[in-house]
Amino acid sequence: METKEHKTVTANGINIHIAEKGQGPLVLFLHGFPELWYSWRHQILYMAAHGYRAVAPDLRGYGDTTGAPVHDSTKFTSLHVVGDIIALLDAIAPDEKQVFVVAHDWGAVLAWFLCLYRLDRVKAYVSLSVHFTPRNPKMKTIETMRKYFGDDHYMCRFQEPGDIEAEFAQIGVREVVKKLLTYRHPGALYFPKGKGLGSFPDTSDTLPSWLSEEDVDYYTSKFEKNGFTGGINYYRALDLNWELTAPWTGAQVKVPTKFVVGDLDLVYNIPGVKEYVQGGGFKKDVPLLDEVVVMEGVAHFLNQEKPDEINQHILEYIKKF
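Each value, and the rule that gives it
- Residues numbered from 1 in each chain as written.
- Predicted model: local features only at pLDDT ≥ 70, side-chain atom pairs only at ≥ 80, totals over all residues.
- Heavy atoms only, no water.
- Helix = DSSP H or I, 4+ residues; strand = E, 2+ residues; numbered from the N terminus.
- Polar contact = N/O pair within 3.5 Å; in protein donor to acceptor, adjacent residues only side chain to side chain.
- Contact = heavy atoms within 4.5 Å.
- Buried < 20%, exposed > 50% of the residue type's maximum accessible area, 1.4 Å probe, protein only.
- Axes fitted to C-alpha atoms, helices over the stretch in contact; angles between N-to-C directions.
- Left-handed = near helix turned anticlockwise from the far one by under 90°.
- Nonpolar A, V, L, I, M, F, W, Y, C, P; charged D, E, K, R; others polar.

A short note on the side chain of H31
Now for step 1: Structurally, H31 can be placed in the loop between β3 (26–30) and α1 (41–49).
Now for step 2: Within the local environment of H31, its side chain forms a polar contact with the backbone oxygen of E35, the two atoms lying 3.5 Å apart.
Now for step 3: Within the structure, the side chain of H31 is placed 3.0 Å from the backbone nitrogen of L59, a separation counted as a polar contact.
Now for step 4: Apart from the residues within four sequence positions on either side, H31 is in contact with L36, W37, S39, W40, P57, D58, L59, Y62, H104, W106 and G107.

Structural notes on the environment of Y125
Now for step 1: Considering the arrangement of structural elements, one finds Y125 in strand β6 (residues 122–128).
Now for step 2: Judged by relative accessible area, Y125 falls into the buried class, the value being 0%.
Now for step 3: Put simply, Y125 and I14 are 111 residues apart on the chain and 25 Å apart in space, counted from C-alpha to C-alpha.
Now for step 4: When residues no more than four places from it in sequence are discounted, the contact partners of Y125 are V101, A103, A108, A111, W112, C115, V255, P256, T257, K258 and Y317.
Now for step 5: Of note is the side chain of Y125, whose polar atom sits 3.1 Å from the backbone oxygen of A108.
Now for step 6: Only 3.3 Å separates the side chain of Y125 from the side chain of S127, close enough to count as a polar contact.

Here we look at the packing of helix α6 (residues 163–171) against helix α9 (residues 229–236)
Now for step 1: Between α6 and α9, whose axes approach to 11 Å, the crossing angle comes to 145°. By crossing handedness, the relation of α6 to α9 is classed as right-handed. Contact residues: α6 offers I164, E165 and F168, while α9 offers T229, I232 and R236.
Now for step 2: Looking at the contact of α6 with α9, its residues break down into three nonpolar, one polar and two charged.

Structural notes on unusual backbone geometry
Now for step 1: The linkage connecting F33 with the following residue, P34, adopts the cis geometry, with an omega of -5°.
Now for step 2: Tracing the backbone through its elements, the reader meets P34 in the loop between β3 and α1.
Now for step 3: The residue N12 is not glycine, and still its phi comes out positive at about 55°.
Now for step 4: A positive phi angle, near 55°, is found at D105, a position not held by glycine.
Now for step 5: Along the chain, D105 turns up in the loop between β5 (99–104) and α3 (106–117).
Now for step 6: Given the relative accessible area of 9%, D105 is considered buried.

These figures come from the coordinates and say nothing about function on their own.
Right under this line is the structure:
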């Protein structure tokens, strides 16, 4: 951490904490849940060493980024967060019309929206774990999740304000962080009410080689300070996102893209996703999709689990531009 520069940038009405290193074309890294800028610690160093300026913010509601109304989930839509991203880029790279974007999990979702709303600002995009999801005009997002996975599905459990936070508090922040980051089951993620994390298939207390106690300590310290509500608000705004994005129904993402996913990733194993990604649907919606990489034996948090391989995938792609 000490080799990276940390600063706070006031943009779009909030105070955005960023970690950065290097000089050259800007590569913006967007993290997911329950993560922070820290998720990109390996990528920041690697890209800086290869002639790029790597920048990783704590997204709205996370870590050392402050000023967002955490107790109002309606302020966590894709329009709000993409607004943060554009304002941040205007502040830190006013002379760069376009930047490279690398994103994972919720960061990837937001980057897809960034590419839809402001494709003029994105030179190329490397998406990790989460493919583009075209809007279904007939059914809201959470309604869809309930229909296919039931009320215990994590996205459904995250909807009631304070509910899952209370369960997480009983389990303990460190245990929640550790269990989520090391989750490797390719099936859907469930939080049966009142059962905590006891339903998780892998209950091992031993950390994998790619995640150290110090790593867990860092995440834990930030979530103990700020709670999980900021990150969970992104899920609570899913149906509002669905309403607000009606104008983009059927829209294509016209940004050069590379997609990398692990074959054990819970998102990739959602019924129908493999067929969409591999069967032509993905390419139809993202016509400039250049490459799909499926990594064997790799789970959801691939940029941390396999940093060397992910670093190479990122660099190989953006060097083309």
